[in-house]
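Structural characterization, general
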Amino acid sequence: MNTEDALRPDAIAARGPDLSEELAHLVRPDLVHRRLYTDPSLFDIEMDRIFGGTWAYLGHESEIEKPGSFVRKRLGRRQVLLVRTEAGEVRGLLNRCTHRGTMLMAEDRGCQKRFTCPYHGWSFDLDGRIRNLPVADSYDRLFERPFDLGQLRVESFRGFVFATMAAEPLPLLAWLGPARRWLDEHIDRHPGGRLRVLPTAVIQEYRANWKMSWDNAADGIHATFAHRSYNLLGKEAETETVLARNPATTPMISMTLGHGHCVVDQRPGIPAGPWSTMRPLPTRADLEDALAARGEATAVNLDLATGNMVNLSLFPNLLFVGNQLMVVEPLGVDHTRVSMFLVVADGAPEEINLLRLRVDEDFVSFGTPDDLEMFERVQEGLKVVEEEWVDISRGDHAGDVVGEDGLVTGGISSEAPIRAYLEEWKRLMSKPIPTTVRRSRIEAAKFAGARPARAAGGVA
Ligand code: FES
Ligand SMILES: [Fe+2]
């Protein structure tokens, strides 16, 4: 629970042009224009309307367990601190001093009682309220402006914290929609529903547009080709996962889940369970032996060591890849960072979590680089201005089933998830979205006593 309701919005603004007509031309049912990936002016608008105008993943509560702990995040171009307050609440503070805008914290994470601006020493409580303002008396127009840090609206779903700047966002559960069931399932496979996100991510960057990650997230065909060298290293080529030789003939399914979300369920292709797909890994035999010696080398435990073979993707920035959370962070129109957060199950045997780390290292080391190379090669190809269009029609006429709710279920060779997220992209990008900063605004009275005395020093 958080105290969002105690915060009040600043002025509400909706910025930028109406792009409805232009985007109706650029995003078509089966084609999309190269400008979506190459145009800096569209990128600028994405940083406002996609990142900020709707919900996006910010972090996990397990990253900030103790009061005073914080992690530095970004929402589009906004620097954000995800903070645990003294009262145990989760807050999303803008990492921006209210004096002249200095980024308060440069550290990625830490634990402390206050955030103090390095420039002129203003400091703020964990809940964003101004705490100390040196030489308060010399700021002549101090009382006319807000001092407390701006806040995002943050809400937690079972530990997963989402944030938005939208003035009137959808309720979080409505935004999750049918994706909620898949997120519940992911959480519930951890004993007691307890999962812990390790704070130090494996970070990779690629020189291509961030939406490449979305085009790729539910692309069930690319693995056979782009990850060929990875497949040849192990026995996956013989299995019916997305790494299978002919994924189009497998019983795996992909589904669109609304608001750009989607899921690929590989489990129908692996009746023997996820662990059956595992390749040799460092220390695997020793860890399995140790589990077996205690009678704990069960299918449930071992499957927990692998990914659950369900790739859930929550638009615009969170992809579940095996047991890892992949957070997609756009840095520029052709520059993207992906952070892979390892997740452990606190209620599982230690060997299972050690196996998880070995499993996680595997694909990130030998598979993810394939994807990033493809993204950069696509970006390079899209520089040809005479070739305007990118095809996204696969699966449209070959077995996709459209439900009454408009959601699409198909084989994993379908590009329906790409079409679906781009529809959501177009919806969000077409018109200005009213956004706002929230803050507590009870601060000015604190300084009223200091002003007549013109006393040096701050107010604590
Ligand atoms: S910019 Fe932060 S105290 Fe001046
Ligand atoms: Fe891939």
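Each helix and strand in the protein chain was counted, giving 15 helices and 25 strands. Taken over C-alpha atoms, the radius of gyration comes to 24 Å for the protein chain, in line with the 23 Å a tight globule of 460 residues would show. The dimensions of the protein chain, computed from C-alpha atoms along their principal axes, are 80 × 60 × 40 Å. Partitioning the intrachain contacts of the protein chain with sequence separation of at least 6 by distance along the chain shows that 69% fall at a separation of at least 24.

This paragraph deals with the nonpolar core. In a soluble, globular protein the nonpolar side chains are often hidden away together inside. Core analysis: the biggest nonpolar cluster contains 107 residues, and L58 and L82 have the highest contact counts within it. In terms of residue count, the dominant contributor to this core is helix α13 (residues 416-430) (8 residues). When residues are assigned to domains, this core turns out to be shared by domain 1 (1-16 + 56-165 + 433-460) and domain 2 (174-430), each giving three or more. Other than its neighbours up to four places away in sequence, L58 contacts K73, L75, V80, L82, G92, V154, V161, F162 and A163.

Moving on: the environment of L149. With respect to the helices, strands and loops of the structure, L149 is situated in the loop between β10 (130-132) and β11 (153-157). Sequence-distant contacts of L149, that is, excluding residues within four places in its chain, are made with L93, L94, T98, F124, G128 and R439.

Glancing now at the sheet that holds strand β5 (residues 78-84). In spatial order, the strands read β6-β5-β4-β7; together these 4 strands make up an open sheet with antiparallel pairing. Lying at the two open borders of the sheet, with one neighbouring strand each, are β6 (90-94) and β7 (109-111). Direction aside, the axes of adjacent strands within the sheet are offset by 30 degrees on average.

What follows covers the environment of Y57. By the element assignment, Y57 lies in strand β3 (residues 56-60). Considering only alpha carbons, one finds Y57 and E21, 36 residues apart in sequence, at a separation of 30 Å. Each residue touching Y57, except ones within four places of it in the same chain, is listed here: F160, F162, L314, N317, L318 and V327.

Strand order in the open sheet formed by 3 strands is β8-β9-β10, and the pairing between neighbours is antiparallel. Each edge of the open sheet carries a strand with a single partner, namely β8 (114-116) and β10. When strand polarity is set aside, the average angle formed by the axes of neighbouring strands in this sheet is 35 degrees. Pairing between strand β9 (residues 123-125) and β10: 2 bridges, direction antiparallel. Along β10, the bridge assignment pairs S123 with N132.

Attention now goes to unusual backbone geometry. In this model, F315 is joined to P316 through a cis peptide bond whose omega is 15 degrees. Tracing the chain through its elements places P316 in the loop between β17 (310-314) and β18 (318-321). One non-glycine residue, R158, lies in positive phi territory at about 50 degrees. Tracing the backbone shows R158 in the loop between β11 and β12 (160-164). Using a count of 14 C-beta atoms within 10 Å as the deciding quantity, one classes R158 as partly exposed. Phi at M309 is positive, roughly 60 degrees, even though this residue is not glycine. Position of M309 relative to the elements: it lies in the loop between α10 (299-305) and β17.

Turning next to the pairing of strand β24 (residues 408-411). Here strand β15 (residues 253-256) pairs with β24 via 3 bridges, running antiparallel. Paired with M255 across the strands is T409, a residue of β24. Of the pairings in the sheet, the one linking strand β23 (residues 401-402) to β24 comprises 2 bridges and is antiparallel in character. Directly across from V402, in β24, lies its bridge partner V408. In sequence, β23 turns back onto β24 through a hairpin of 5 residues, with G406 there showing a positive phi of about 85 degrees.

Residues of the protein chain with pLDDT of at least 70 account for 90%, and the chain-wide mean is 90. Note on residues 450-460: pLDDT under 50 across the span, and 20 contacts to partners over four residues away in sequence or across chains.

Another point: the packing of helix α9 (residues 284-293) against helix α11 (residues 350-366). Helix packing for two helices is described by the angle between their axes and how far apart those axes are. It is the contact of α9 with α11, at a shortest axis distance of 10 Å, that shows an interaxial angle of 160 degrees. Considered as vectors, α9 and α11 are oriented roughly antiparallel to each other. Both α9 and α11 take part in a crossing whose hand is left-handed. Residues R284, L287, A290 and L291 of α9 pack against E351, L354, L355 and R358 of α11. In terms of residue class, the contact of α9 with α11 is made up of 5 nonpolar, no polar and 3 charged.

What counts, and at which threshold
Residues numbered from 1 in each chain as written. Chains lettered and ligands numbered in written order. Predicted model: local features only at pLDDT ≥ 70, side-chain atom pairs only at ≥ 80, totals over all residues. Helix = DSSP H or I, 4+ residues; strand = E, 2+ residues; numbered from the N terminus. Rg over C-alpha atoms; globule rule 2.2 N^0.38 Å. Contact = placed C-beta atoms within 7 Å. Core = buried A, V, L, I, M, F, W, Y, C linked by C-beta atoms within 7 Å. Buried ≥ 20, exposed ≤ 12 C-beta atoms within 10 Å, placed from the backbone. Domains from an automatic or database assignment. Pairing = 2+ DSSP bridges. Axes fitted to C-alpha atoms, helices over the stretch in contact; angles between N-to-C directions. pLDDT = per-residue confidence, 0-100. Parallel < 35°, antiparallel > 145°, perpendicular 65-115°, else oblique. Left-handed = near helix turned anticlockwise from the far one by under 90°. Nonpolar A, V, L, I, M, F, W, Y, C, P; charged D, E, K, R; others polar.

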